[in-house]
Amino acid sequence: MAAKKTMTLNLTDAEMHALEGLCDKKDLSKTAVLRQALRLYQLVEARVEKGDKLFFEDEKSKEKAEVMML
Amino acid sequence: MTAVISPIALLNATNGKLEEAELWDAITEKQLGDWEAEWIPELFKAIQKLHRAGVERVHWPQSRHWNWRQKTRALQGMLAHPGFSIVCNGTTQGMMIVDITTHRCRVESQKGKDLVYVEYVENAPWNRPELADPPLYRGIGSILIRAAIALSIEEEFKGRIGLHALPQSNGFYANTCGMTDLGIDASYHGLRYFEMTPEQAESFIAKGN
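Numbering of residues starts from 1 in each chain and follows the order in which that chain's sequence is written. Each chain gets a letter, beginning with A, and each ligand a number, beginning with 1, in the order they are written. Per-residue local features of the predicted model are confined to residues with pLDDT of at least 70, and side-chain atom pairs are confined, for both listing and counting, to 80 or more; whole-chain, interface and lining totals are unaffected and use all residues. Each side-chain value is derived from all of the structure's non-hydrogen atoms; neither hydrogens nor water enter the calculation.

1. A short note on a nonpolar patch on the surface
All names here are of chain A.
Now for step 1: Like-charged residues are merged into a patch within 9 Å and nonpolar side chains (Val, Leu, Ile, Met, Phe, Trp, Tyr) within 5 Å, provided each residue has over 30% relative accessible area and no salt bridge. Residue-level accessible areas treat just the shown protein chains as cover; the underlying method is Shrake-Rupley with a 1.4 Å probe. A carboxyl oxygen of Asp or Glu within 4 Å of a side-chain nitrogen of Lys or Arg is what we treat as a salt bridge. There is a patch of nonpolar side chains on the surface, built from Met7, Leu9, Leu11, Met16 and Leu34 and spanning about 440 Å² of accessible area.
Now for step 2: Strands here are runs of E lasting at least two residues and helices are runs of H or I lasting at least four, both read from the DSSP assignment and numbered beginning at the N terminus. Within the secondary structure, Leu34 is located in helix H2 (residues 30-49).
Now for step 3: Here the term buried applies to any residue with accessible area under 20% of the maximum for its type, exposed to any over 50%, and partly exposed to those in between, with areas from a 1.4 Å probe on protein chains only. What makes Leu34 partly exposed here is its relative accessible area of 36%.

This is the structure:
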């Protein structure tokens, strides 16, 4: 297992509420949720930088909506 | 890039003895060099043998087109895609790349929960029973699946893993690993999708595979 470093994170009430909501939904600790968020953010940034677009597709209608990354 | 290296043991099937080996939590230039210089020539020789023996292409190793250098380069530095490898006797014996971020469980009891998705896993050609008789080292696939489970536990995913299997490996994932077979996935090259629940992961580890 790779060594880990500890940091303090300052969040607003709304942000903390959102984080706790995700923790409950995913059955994960705050650290685990934030590590997942970082991985996803890094992945999306790398793809967008390459010129790829990010879409969400409605499973039933197959309708696609582009997520604008500015 | 620094890799964490853990000691493991591999069974040498030619003499029945355990040999010291290493599980790396990375795929480095060393592994890619071994793939190019050792795996590919061996794989070509094995395919040539199958061809000369009149074996149909459908029975040739289905991972023969995989280019580990390309795959690794595409995912270099991506936290979502860690790689693993096994080294024994100075040579890479197996490699695996997983995705720990973008896949979710499909099994009803775990639906929507995070899991470790095994994107690519491959054994060196001389360890594959369909190509080498006898294979040199046994248990590479099981050790890599155990590594995926351990990562899943470390990430708080409770041992949940998932993968699409090449047809030649369906039996391994269903029987040896005890994963749930969710059938053919038409949206993914018509491959079968398998998933391991926390209970199945626990029982796989307990079996000491």
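2. A look at helix H5 (residues 198-207) of chain B
All names here are of chain B.
Now for step 1: Within H5, burial applies to Pro198, Gln200, Ala201 and Phe204. Angularly, the buried residues of H5 cover 160° about the axis, an arc narrow enough to put them on a single face. Along H5, the residues that are exposed and aim more than 90 degrees away from the buried face are Glu199, Glu202, Ala206 and Lys207.
Now for step 2: Any two residues having at least one pair of non-hydrogen atoms within 4.5 Å are treated as being in contact. On its buried face, H5 sits against helix H3 (140-154), helix H4 (170-176), strand E8 (180-185) and strand E9 (191-196). Arc, as used here, means the arc of the directions from the helix axis to the C-beta atoms.

3. Quick word on the confidence of the model for chain B
Predicted coordinates in areas of low pLDDT are best not read in detail.
Now for step 1: Averaged over chain B, the pLDDT score is 94; the fraction of residues at 70 or greater is 99%.
Now for step 2: Interface predicted TM-score (ipTM) for the complex: 0.87; the corresponding pTM is 0.93. Per-residue confidence from the predictor is given as pLDDT, running between 0 and 100.

4. Remarks on the pattern of salt bridges
Oppositely charged side chains are able to pair whenever their charged atoms sit close together.
Now for step 1: If you walk through the whole model with that rule in mind, you get 17 salt bridges over all chains.
Now for step 2: In this structure, Arg69 of chain B engages Glu29 of chain B in a salt bridge whose closest nitrogen and oxygen atoms are separated by 2.7 Å. With a gap of 40 residues between them, Arg69 of chain B in helix H2 (residues 68-75) and Glu29 of chain B in helix H1 (residues 29-52) connect regions that are remote in the sequence.
Now for step 3: Using a relative accessible area of 51% as the deciding quantity, one classes Glu29 of chain B as exposed.
Now for step 4: Counted as one network, the salt bridges with shared partners bring together Lys26 of chain A together with Arg104 and Asp114 of chain B.

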